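# Secondary and tertiary structure notes
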Amino acid sequence: IELIQKTCAVNPHILNRHMTLGEIANAMGHKYIYEQILENDEIALVLEDDTMFKTNFIDHLYHVLQFLPCGWDQICLGGPTKENTVPAKTIVGSIKMEFEANEVFFYRPNTPAPCTLSCMLHTKKSAEKILRSTYIKQLLAPSDHNLWVVNIDQRVNIYWVHPWITYEASKTDMFETSLDRGY
């Protein structure tokens, strides 16, 4: 186990510790998905196993797909159920649980950070940029944090939907995560 953890690089500017085995497995799973997008899809919807759909998810997703912004690489469709400040501030109203599809719009965060990887749209160009980055090759941090530094490194064009159309249940009281997050 320690050998696996030590094979992942440590960069104190990103994460000042070795990742846990759960974080490594999750990061490897995400990397595999990006490789699959690169080989197969122009656009891919990536869902984690703890994604919870808000009321009328299908209508909201259909609305999002109809109005995709020009030049997008990634669209973060989900977020926390509480206001967030790091790595990027949650905008007011994002955590609303019920809303109409015509209320959903795109927001460009001030930093290219996803609030969660639990539900995202990726283009093939996004997968290319991610897999080209040194940060993804070295698995320097847990997946969501790692994607943030990859996005900075590769100048990824990310948008969030507002309000979120999904949320990550393992970051709520709904059920506990199986990952030992280390923080």
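To keep things clear, this report deals only with the structure shown in the data block. Small disclaimer: the values here were computed from a predicted structure and weren't measured. (Residues numbered from 1 in each chain as written. Predicted model: local features only at pLDDT ≥ 70, side-chain atom pairs only at ≥ 80, totals over all residues. Heavy atoms only, no water.)

Here we take up the environment of Tyr-32. Here Tyr-32 lies in helix 2 (residues 21–40). When its relative accessible area of 46% is taken as the criterion, Tyr-32 is described as partly exposed. In this structure, the C-alpha to C-alpha distance between Tyr-32 and Leu-131, residues 99 residues apart in sequence, is 9.8 Å. (Helix = DSSP H or I, 4+ residues; strand = E, 2+ residues; numbered from the N terminus. Buried < 20%, exposed > 50% of the residue type's maximum accessible area, 1.4 Å probe, protein only.)

For the rest of this paragraph, the subject is the pairing of strand 1 (residues 43–47). Alternating positions in strand 1 separate cleanly, Ala-44 and Val-46 being buried on one face and Ile-43, Leu-45 and Leu-47 remaining unburied on the opposite face. Pairing of strand 1 with strand 6 (residues 119–123), which is carried by five bridges, proceeds in the antiparallel orientation. Across the sheet, residue Ile-43 finds its bridge partner in strand 6, namely Thr-123. (Pairing = 2+ DSSP bridges.)

Okay, the sheet that holds strand 3 (residues 74–76) next. Spatially, five strands are ordered 1-6-3-7-5 in an open sheet, and the strand pairing comes out mixed. Edge strands, defined here as strands with exactly one partner in the open sheet, are strand 1 and strand 5 (105–107). Ignoring which end each strand starts from, the neighbouring axes of this sheet average 25° apart. The pairing of strand 3 with strand 6 spans three bridges and is antiparallel. (Axes fitted to C-alpha atoms, helices over the stretch in contact; angles between N-to-C directions.)

Time to look at the packing of helix 2 against helix 4 (residues 124–132). Between helix 2 and helix 4, the shortest axis-to-axis distance is 8 Å and the interhelical angle comes to 130°. Put simply, helix 2 runs oblique to helix 4. Regarding helix 2 and helix 4, the two cross each other, and that crossing is left-handed. Taken together, the residues of helix 4 that come into contact with helix 2 (itself represented by Lys-31, Tyr-34, Glu-35, Ile-37 and Leu-38) are Lys-124, Ala-127, Glu-128, Ile-130 and Leu-131. A class-by-class count of the residues in the contact of helix 2 with helix 4 yields six nonpolar, no polar and four charged. (Parallel < 35°, antiparallel > 145°, perpendicular 65-115°, else oblique. Left-handed = near helix turned anticlockwise from the far one by under 90°. Contact = heavy atoms within 4.5 Å. Nonpolar A, V, L, I, M, F, W, Y, C, P; charged D, E, K, R; others polar.)

Counted under the stated rule, the structure contains four aromatic pairs. Pairing Tyr-107 with Trp-160 gives two aromatic rings, centres 5.5 Å apart and planes at 45°, and the pair type is tilted. In this pair, Tyr-107 is assigned in strand 5 and Trp-160 in strand 7 (residues 158–162), connecting sequence segments 53 residues apart. Trp-160 gets classed as buried once you look at its relative accessible area, which sits at 1%. Three or more aromatic residues joined by ring pairs form one cluster here, namely Tyr-107, Trp-160 and Trp-164. (Phe/Tyr/Trp six-rings, centres within 6.5 Å; stacked < 30°, edge-to-face > 60°.)

To continue, consider the sheet that holds strand 8 (residues 166–168). Ordered in space as 2-8-4, the three strands form an open sheet in which the pairing is mixed. Edge strands, defined here as strands with exactly one partner in the open sheet, are strand 2 (51–53) and strand 4 (78–79). Pairing geometry for strand 4 and strand 8, over two bridges, is parallel. Looking across to strand 8, one finds that Gly-79 is bridged to Tyr-167.

Distances and angles like these do not, on their own, reveal function.
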